[in-house]
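Here are the chains, one letter per residue:
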Amino acid sequence: MSKEVENVEIESPNAEESEEFWPLSGKPYFDVILTKTHIKSPHLVTLPAKLHPILPYSTVPVVIEYQGKTWETSFGKRSRQEGGRVNLKAFVEDNDLKMDDACVFELAECSSEILKFKVQILRGDFPAELLAKVNGETSNTPIIID
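Given the structure is predicted, the values throughout are model-derived calculations rather than measurements.

Close inspection of predicted coordinates is inappropriate for parts of the model with low pLDDT. When pLDDT is averaged along the protein, the result is 80, and 68% of the positions lie at 70 or above. Ranking the helices and strands of the protein by mean pLDDT puts helix α2 (residues 89-94) first, with 96, and strand β5 (residues 85-87) last, with 89. Segment residues 1-18 is flagged for pLDDT under 50; beyond a separation of four residues in sequence, or across chains, it makes 32 contacts in the model.

It is possible for side chains bearing opposite charge to pair when their charged atoms get close. All told, the structure shown has 4 salt bridges when counted by the stated rule. In this structure, Lys89 and Glu93 form a salt bridge, with 3.4 Å as the shortest nitrogen-oxygen distance. Residue Lys89 and its partner Glu93 are located together in helix α2, separated by 4 residues, close to a single helical turn. A residue is classified by how much of its surface remains accessible, and Lys89, at 40% relative accessible area, is partly exposed. Lys98 is the salt-bridge partner of Asp96, the closest N and O atoms lying 2.7 Å from each other. With a relative accessible area of 42%, Lys98 lands in the partly exposed category.

The rules behind these values
- Residues numbered from 1 in each chain as written.
- Predicted model: local features only at pLDDT ≥ 70, side-chain atom pairs only at ≥ 80, totals over all residues.
- Heavy atoms only, no water.
- pLDDT = per-residue confidence, 0-100.
- Helix = DSSP H or I, 4+ residues; strand = E, 2+ residues; numbered from the N terminus.
- Contact = heavy atoms within 4.5 Å.
- Salt bridge = Lys/Arg side-chain N within 4 Å of Asp/Glu carboxyl O.
- Buried < 20%, exposed > 50% of the residue type's maximum accessible area, 1.4 Å probe, protein only.

See the structure below:
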């Protein structure tokens, strides 16, 4: 039996008001720094232990929402102790995610029929404003941030 998480309306920002980052709403969330297993096959993320008590004990559809776009995938849980897994393949490919990028998944809706996550992406790229200060640094010539 799954516990209901109070539904949060996912506002779809228009193109002019699109926000990449926003304060979390207080709903359960988890973060993940993407590794090879997220970016390449099998493209799976295992949901953390803190979510286990509220996750359904079944296979249910998952909706991932980022910047007004949605991706449908599935969630599967084999035992009550397991957190279950979500396939990220289409989401990763469509958003050109790379190793060391990070995602924050906020659980917007959780029931025995569906899981919905609102996602923020934090790119792992070197900040453009610091590129001018890079000269192939080593531990002997570190990058100094003013």
